[in-house]
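Each chain, letter by letter, is given below.
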Amino acid sequence: MSTPSFMHGNQAIADGAIAAGCRFYAGYPITPSTEIAETLSGRLPEVGGVYIQMEDEIASMAAVIGASLGGLKSATATSGPGFSLMQENLGFAVVGEVPCVIVNVQRVGPSTGLPTKVAQGDVLQARWGTHGDHRIITLYPSSAQEAFDLTVKAFNLAERFRTPVILLSDAIVAGLLEKVEIPDPADLEVVARARPTVAPEQYRPFDYSGSDVTPLAKFGSGYRFHITGLLHDESGAPTEDSEVVARWLDYMQRKLDDHLDEILDWDEIRLDDADTAIVAYGCTARSAEHAVDLARERGHRVGLLKLKTIWPFADDMIERLAGRIDRFVVPELNLGQIRSEVQRVVGGLATVEGINRADGLQISPEQILAAIAEKAPAR
Amino acid sequence: MTVATPPKTTWESLQEVFEIVSLRGPDPIILSSIPYLPSDGHRHTKFPVVLGPPGRVISVAVGLRAALPDTPLLLVTAADSATLGTNHLIHTARRNIGMTLLVLRSDLLEAGDIPVDRTGWASTGYQVTMEQAGTPLEWAIALQASLVGRGSLLNPSELANLIVEAVETPGFSVIGVTGDPTLRTGVMSRRSDWPEYFTTYRAWSEGMVELPTSSIWPVTPAQPRSSAPTRLEVRIAGIGGQGVKLAGTVLSEAAGLGEGLWATQFGDYGSATRGGPSRVDVVMGSKRISYPAADDADILIVLSRDAAAAQLPRARPAAACVADEGTVDPGPGGPLVVPIAQLAREHTGTTIAAGVTSLGCVAALSDAVSLDSLRIALRARLPERKVETNLRAMEAAYELTTVLTGGKQT
């Protein structure tokens, strides 16, 4: 049983967070993400959680880490300027393996940019915004329904893999009001925070032996351990032992790479007989889906791969498609951030073209249709 | 031959102190930015530690306090890293989350020093003067600390007792940590505590419950009529303060929840709340809506001269266009002119209702959304006292449009 209601993407993220068990939010309001904070400031106290408006986004991210270490599922939301400020502590959460969710509702940048206008310019920042080699999970909804569903998934993946998860959105998905079917709580899969099964004396907060994470003990529950931004051994103690660091690095990659089937998510739309594939995500995927319908009416064999997990990138899926697709078209509200990923995977197997704009306007279905109708460039 | 004993590192000295700190309640959590390597077989600090980026651990403490109301938080800091986080310290103080600060190389009231680090980083690295950094005493005053004192690493048991006393005192405590044997140690001042943020927050939110989501819409979702359009695009354009966005919300919910259609509402508005251009697109139909913009509007309503100038020339020929009176120059071939703002003012007393009033035109021009569904949607979104007047304005626009057009257009 599910309840239909009308909500915009930002509210769906807030409702998804509550449904996923989020009980702490620290943030600093910024357009076009503000409704997430606004909604949670009302909802969290109703469910025994805490909402706090921080002095800035640096502190917001720090407080989210603290609350998560204290046992609460925690999140923050921001837009590009705030996301830049969060990168330092985001890296701390990666290294400390602290589960949390960071929402970035994108607007045009860099800097203050165009505060109310839509963009998808932070896709690579989500991947590489914090310094150093690291893996990260990034999800990206294209509708209010997906905003709800992927928020729940983001919290689940954060717990499952003890990692920060980034949920990208954009000003269009954020402000789009549409129907959302809210599942009955009994039907919703929610991953609870795992608890250590060993006694405090035996507890080690990290395990680099395989690709599975160790349960994170709640601070203040009798388990004495250290969380540090320094590279550390499995007891949590800082180390400069290159052998330990190498094992850590290997584990940190494998903990996501070995479980891609749980992380990757996409929709295939009319791809079965297609010779041309549009690869799109977020608000642009909606223009692309409409463009597919228009192009099909005109006899073009076009389909859409809608990415819902952006990072890790869907290499295998793109590679499989490249075996039977002649042409990839990648519309994005940036200058080609995912196109370069598609190009990397496709190599010389097919042509890859971008449709790009970053001027605050969305890409229309007609613009995509026009590109498809043009003769494909030579490989 | 004598072998010189290397001096202890700061952490080693502090660890000795923590070993003898004995608290009745839960373990304290130690927050710090000072890197340490428990090398040479040296043990971990016995309590849980969060070792974060300089200055930022102060805000980590805010999250920990929200999650763990009764766990003592112990910030171990030197002047430089706390200075990096002064903004956070000020706000943490404002919230009075309750925390004990151990300030190393404290010149609390007078000058002082800590023991030399084995690697030398502490002795050579701490070049920040307290004059530059703000003194721990100034912090103590700014934090409205409940307890201010100084302990010496040369006297671990006294420092341990001081920590226990500070932790058990509600509110902030600031303890200078020194290695200078000439400095006075002990509690230097006490003051009364003041309300802690999360205690106040929890008291405020206690008893708050999730309100049952009540909806005036029928529980069983409506099924679309067979005559429903596959895709119908409506654009309402005007200026901020005409209720354009609310009109879009009401129309999309009437379509989605009243008529059982797929529907989206998308607004495009600038940073200004009033006076700037404001536009809303509602797309509805029996097919799921992918592209939510009404670039090829079937129904176009303009409520300002600027909107008329911008939108009417690009309307497709078959579109049903309605312009508010005074927004276009009268003449043949132009849009249908309806005095929308005037009807709004007449029935509600304000032109903020212009957007909602224009929905009467939409209902008159298309069968997709009935006046009944619009009435329910309006009740769902407007405060009770405004419903009747807005309804009358909307119905007046419906009747006038019907008369002017002689029936439905799309």
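Parameters at a glance
Residues numbered from 1 in each chain as written. Chains lettered and ligands numbered in written order. Predicted model: local features only at pLDDT ≥ 70, side-chain atom pairs only at ≥ 80, totals over all residues. Helix = DSSP H or I, 4+ residues; strand = E, 2+ residues; numbered from the N terminus. Buried ≥ 20, exposed ≤ 12 C-beta atoms within 10 Å, placed from the backbone. Contact = placed C-beta atoms within 7 Å. Rg over C-alpha atoms; globule rule 2.2 N^0.38 Å. Arc of directions from axis to C-beta. Nonpolar A, V, L, I, M, F, W, Y, C, P; charged D, E, K, R; others polar. Pairing = 2+ DSSP bridges. Axes fitted to C-alpha atoms, helices over the stretch in contact; angles between N-to-C directions. Parallel < 35°, antiparallel > 145°, perpendicular 65-115°, else oblique. Left-handed = near helix turned anticlockwise from the far one by under 90°. pLDDT = per-residue confidence, 0-100. Domains from an automatic or database assignment.

S.K.: Talk me through the overall build of chain B; I want residue IDs and the actual numbers.
M.R.: Tallying secondary structure elements over chain B gives 15 helices and 13 strands in all. Going through the 410 residues of chain B one by one, you find that 50% of them count as buried. Partitioning the contacts of chain B with sequence separation of at least 6, the portion at a separation of at least 24 is 72%.

S.K.: Can you lay out the overall build of chain A for me, pointing to particular residues and giving the numbers?
M.R.: In terms of helices and strands, chain A carries 13 helices and 16 strands. Taking 379 residues into account, the globule formula puts the C-alpha radius of gyration at 21 Å, and chain A, at 21 Å, falls close to it. Counting only C-alpha atoms and orienting by the principal axes, one finds that chain A spans roughly 70 × 50 × 45 Å. Every one of the 379 residues in chain A was classed for burial, and the buried ones make up 57%. Across chain A, contacts joining residues at least 24 apart in sequence account for 76% of those joining residues at least 6 apart.

S.K.: Give me the lowdown on unusual backbone geometry, citing residues and values where you can.
M.R.: All names here are of chain A. In this structure, Pro32 follows Thr31 across a cis peptide bond, with omega equal to 0°. Each neighbour pair has its own omega, and for Trp311 with Pro312 the value is -5°, a cis peptide bond. One non-glycine residue, Glu97, lies in positive phi territory at about 55°. With respect to the secondary-structure elements, Glu97 resides in the loop between helix H4 (80-96) and strand E5 (100-108). On the neighbour-count criterion, Glu97 (19 C-beta atoms within 10 Å) is partly exposed. One non-glycine residue with positive phi stands out, namely Ser111, at about 55°.

S.K.: Explain helix H13 (residues 365-373) of chain A to me, and be specific about the residues and the numbers.
M.R.: Buried residues of H13 of chain A: Pro365, Ile368, Leu369 and Ile372 of chain A, and no others. End-on, the buried residues of H13 of chain A take up no more than an arc of 100°, which puts them together on one face.

S.K.: Any chance you could break down the interface of chain A and chain B for me, citing the residues and the numbers?
M.R.: Taken together, the contact pairs 53 residues of chain A with 53 residues of chain B. With 9 residues, the single largest contributor to the side of chain A that touches chain B is helix H3 (residues 57-69) of chain A. Across the side of chain A that touches chain B, the residue classes break down as 30 nonpolar, 15 polar and 8 charged. By the bridge criterion, 3 bridges tie strand E10 (residues 226-228) of chain A to strand E2 (residues 49-51) of chain B in an arrangement that is parallel. By the bridge assignment, Thr228 of chain A is partnered in E2 of chain B with Leu51 of chain B.

S.K.: Got a sec to walk through the environment of Leu104 of chain B? Specific residues and values, please.
M.R.: By secondary structure assignment, the location of Leu104 of chain B is in strand E4 (residues 100-104). Sequence separation of Leu104 of chain B and Thr178 of chain B is 74 residues, and the distance between their C-alpha atoms is 6.6 Å.

S.K.: Just give me the short version of helix H2 (residues 57-67) of chain B, but keep the residues and values in it.
M.R.: Taken across its 11 residues, H2 of chain B has 11 buried, putting it largely inside the fold. When H2 of chain B is considered as a whole, its buried residues turn out to be Val57, Ile58, Ser59, Val60, Ala61, Val62, Gly63, Leu64, Arg65, Ala66 and Ala67 of chain B.

S.K.: Now, about the packing of helix H10 (residues 244-258) of chain B against helix H13 (residues 354-365) of chain B: what can you tell me, with residues and values included?
M.R.: Residue and element names in this part refer to chain B. As a packed pair, H10 and H13 sit with axes 7 Å apart at the nearest point and diverge in direction by 45°. The orientation of H10 with respect to H13, classified from their angle, is oblique. Seen from above, H10 lies across H13 with right-handed handedness. On H13, the residues touching Val244, Leu246, Ala247, Val250 and Leu251 of H10 are Gly355, Val356, Ser358, Leu359 and Val362. Residue classes in the contact of H10 with H13 are distributed as 8 nonpolar, 2 polar and no charged.

S.K.: So what about the sheet that holds strand E11 (residues 266-269) of chain A? Which residues, and what values?
M.R.: The strands making up a sheet associate through backbone hydrogen bonding, with each pair oriented either parallel or antiparallel. All names here are of chain A. Spatially, 5 strands are ordered E11-E13-E12-E15-E16 in an open sheet, and the strand pairing comes out mixed. Each end of this open sheet is capped by a strand with a single partner; those strands are E11 and strand E16 (351-356). Averaged over all adjacent pairs, the angle separating strand axes in this sheet is 20°, with direction ignored. Strand direction decides the pairing type here: strand E12 (residues 276-280) and strand E13 (residues 302-307), joined by 5 bridges, are parallel. From the neighbouring strand, Ala280 faces E13, where its bridge partner is Lys306.

S.K.: Give a detailed account of the confidence of the model for chain B, specifying residues and quantitative values.
M.R.: Residues and elements named next belong to chain B. With 82% of its residues at a pLDDT of 70 or more, chain B has an overall mean of 83. Between residues 106-133, whose pLDDT stays under 50, and residues either more than four places distant or in other chains, the model counts 59 contacts. Interface scoring of the predicted complex returns ipTM 0.94; its pTM is 0.92.

S.K.: For the domain arrangement of chain A, give the residues involved together with the corresponding values.
M.R.: Residue and element names in this part refer to chain A. By domain assignment, chain A separates into domain 1 (2-187) and domain 2 (266-373). One C-alpha centre belongs to domain 1, the other to domain 2, and the line joining them spans 26 Å. With 25 residues of domain 1 at the interface, the matching set in domain 2 holds 21 residues. When residues of the side of domain 1 that touches domain 2 are traced back to their parent elements, those giving at least two are strand E6 (114-118), helix H5 (123-128), strand E7 (137-139), helix H6 (144-160), strand E8 (164-170) and helix H7 (171-175). Looking at the side of domain 1 that touches domain 2, the element that brings in the most residues is H5, giving 4 residues.

S.K.: Any chance you could break down the sheet that holds strand E5 (residues 147-152) of chain B for me, citing the residues and the numbers?
M.R.: Within the open sheet, the 8 strands sit side by side as E10(A)-E2(B)-E1(B)-E3(B)-E4(B)-E6(B)-E5(B)-E7(B). Their pairing is mixed. Both edges of this open sheet fall to E10 of chain A together with strand E7 (186-190) of chain B, since each of them pairs with a single strand only. Strand after strand, the sheet turns through a mean of 15° between neighbouring axes, direction not considered. Where E5 of chain B lies against E7 of chain B, 4 bridges are found, and the strand directions are antiparallel. Residue pairing in the sheet places Val148 of chain B in a bridge with Ser189 of chain B of E7 of chain B. Packed onto the sheet, helix H8 (residues 156-168) of chain B meets E4, E5, strand E6 (173-178) and E7 of chain B and runs at close to 160° relative to E5 of chain B.

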